[in-house]
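# Structural overview
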Amino acid sequence: MHRLVLTSLLLATAAPAQAQEKAEQPAAKGQGYREQMKAEVEAAWARPPVEEASAVSHGAVTVAGQSIAYTATARTLTIRDDEGKPTASYFYTAYTRDGVGKGPRPVTFFYNGGPGSPTIWLHMGSFAPVRVTTANPEYIRPAPYGFGPNPHSLIDKTDMVFVDAIGAGWSRPLGDKTGKDFWGVDQDAEGFARAIQRYTSKFNRWASPKFLFGESYGTLRNPVVAAKLEAAGLSLNGIVQFSTIMNYGVRQPGYDQNYLTLFPTMAATAWYHDRLPNRPADLRAFLDEVRAFTSGPYAVALAKGSTISPEEKAAVAAKMSAYTGIGEAYILRADLRLTLPRFQTELLRDRRLAVGRLDSRYLLNVTDANADSPEDDPASTAVSGAFVATFQDYATRVLGYKTDMPYRMSARGPGFEWDWKHRAPGDGTHLAPDSAVDLAYTMRTNPYLKVLFINGYFDFATPFYGAEFDVNHMLLDQQLQKNIRFTYYHAGHMVYLNPDTLPEMHRDLATWYDDALRAAASSNPPARPEAKAGRN
């Protein structure tokens, strides 16, 4: 009996212990599984390389009847701080002409804007030895896309390096650095300046003529990078400002300058879509007339604010209507201040169409014909699919660059916040940047520096009149003003989307490169104003 009771007690006490042991086993096993998975994820994490990665391929393209062999290098550049610590990995694709010495051969650094954009657009659409086929202007059809040799490549004039911004493409911060260390006017420019110096040192290009080529926000970046390079002892031969915005200050609410900036492009857009009562045949001459009105009667009227007389207001509204095709009553209700979204939807409202922002030749079928702003930008959506897909295929299949990191189409996303403060040379801190100050400083420091402004008549994102206004307010002396050149094309923000502009644009750029190199080779430096005064 006692034996039976003892056995029962042993069984009773063992049961809970066994149950507890069984309960602990899955937990222990689950914890081990999680640790194992964590280790596997850590091992498979695709990180940017600290050791510079490279893939080299070769090709040939015919430009102006001449076959040019080139080397394509898809590679990363590791930049370091002043202590030598790696801080970021910049991805780039370089095209260098074969069979020529590296010393005198020019090299041009290209980048798009955003801020936070990769350089896929300039790389795949403009002057590389290869190019996506575009039509004028229409939505590019789905795959397979047209892609092949670019007969208007600048490889005949310069080696080219297309660089992605940090957080975009395959460019990333390294170590304890984050995107925030590069996402700002000055931080971004510092990173690019170091990347350019790294490339110059890595490939022994210090003796080469050097150029910057920026598009959109890249044109705000250009002068800041140029000033930093000049301070570091790297003087540039030239800068290409492609679809320019250097001054964000005038776009703040409460300022009238942006209405003036947009107005000539509104007139050009109305001309293109045949909305003018007496449409002139010559766009260039028409816009000269519109510019005179904009800087004259229109600017005076806006400056008067609410003190303008009804008679003057009516007269200005009538002229604005004649130049834009927008009704006088509509303009008067807007107090002579046409905003871009309203113009985009009002111009072709009777056809239920809105015009594009990046390129006003592109049209959008609107859902709501009474809308006061478009739902999308047709100029952007029309080409994105072709450019993205073509680059992804080209980078892997032709360039041979392999990585498991995603190619990011923008640095924008959770945590992205751009620091717009800018410290210009000798001008204190700008809360809204105006890098025309930096450009003027660099041109005065380096009187050989040539600057080319490339403009599309139908670009609302960076209107040509804005670039003209900013340059006119750089207050350069007459000698330095000669170093600036403007060209204009029947296109929008991404001028190269219009295939008809490419031959003319290549000719203009080729002439400009030749002039810049000729000026650098001259034995007679440009005379400074004080030097002239000293001889009198």
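Anyway, here's the lowdown on the structure attached to this text. (Residues numbered from 1 in each chain as written. Predicted model: local features only at pLDDT ≥ 70, side-chain atom pairs only at ≥ 80, totals over all residues. Heavy atoms only, no water.)

## Side note on the side chain of Ser171
By secondary structure assignment, the location of Ser171 is in the loop between strand E7 (159-163) and strand E8 (172-173). Within the structure, Ser171 has its side chain in polar contact with the backbone nitrogen of Phe91 (distance 2.8 Å). Within the local environment of Ser171, its side chain forms a polar contact with the backbone oxygen of Asp164, the two atoms lying 2.9 Å apart. Ser171 has contacts with Ser89, Tyr90, Phe91, Asp164, Ala165 and Ile166, leaving out every residue within four places of it along the chain. (Helix = DSSP H or I, 4+ residues; strand = E, 2+ residues; numbered from the N terminus. Polar contact = N/O pair within 3.5 Å; in protein donor to acceptor, adjacent residues only side chain to side chain. Contact = heavy atoms within 4.5 Å.)

## Concerning the pairing of strand E3 (residues 86-97)
The buried fraction of E3 amounts to 11 of the 12 residues, a majority that puts the element mostly inside the structure. Pairing of strand E2 (residues 66-80) with E3, which is carried by 11 bridges, proceeds in the antiparallel orientation. Across the sheet, Arg75 pairs through a bridge with Tyr92, a residue of E3. Counting the residues between successive antiparallel strands, the hairpin from E2 to E3 contains 5 residues, one of them, Gly84, with a positive phi of roughly 90°. (Buried < 20%, exposed > 50% of the residue type's maximum accessible area, 1.4 Å probe, protein only. Pairing = 2+ DSSP bridges.)

## A word on helix H15 (residues 502-521)
In this model, H15 (20 residues) spans 28 Å end to end at C-alpha, consistent with the 28 Å of a helix rising 1.5 Å per residue. For H15, every residue scored as buried is listed here: Leu502, Met505, His506, Leu509, Ala510, Trp512, Tyr513, Ala516 and Ala519. (Expected span 1.5 Å × (residues − 1).)

## Considerations on the environment of Ala301
For Ala301, the position within the fold is in helix H6 (residues 283-303). For Ala301, a relative accessible area of 2% translates into the label buried. Residues contacting Ala301, with those up to four places away along its chain left out, are Ile308, Glu312, Val316 and Leu336.

## A closer look at the pairing of strand E9 (residues 210-216)
Within a regular beta strand, the side chains point alternately toward one face of the sheet and then the other, so they alternate between its two faces. Taking burial as the measure, the 7 residues of E9 include 7 buried ones, the bulk of the element. Here strand E4 (residues 107-111) pairs with E9 via 5 bridges, running parallel. Residue pairing in the sheet places Val107 in a bridge with Lys210 of E9. Two strands pair when backbone bridges link them, and E9 and strand E10 (residues 238-244) are joined in this way by 6 bridges, in the parallel orientation. Within E10, the position partnered with Leu212 by the bridge is Ile239. For the crossover from E9 across helix H4 (residues 217-231) to E10, the handedness is right-handed. (Right-handed = clockwise from strand over helix to strand, strands pointing away.)

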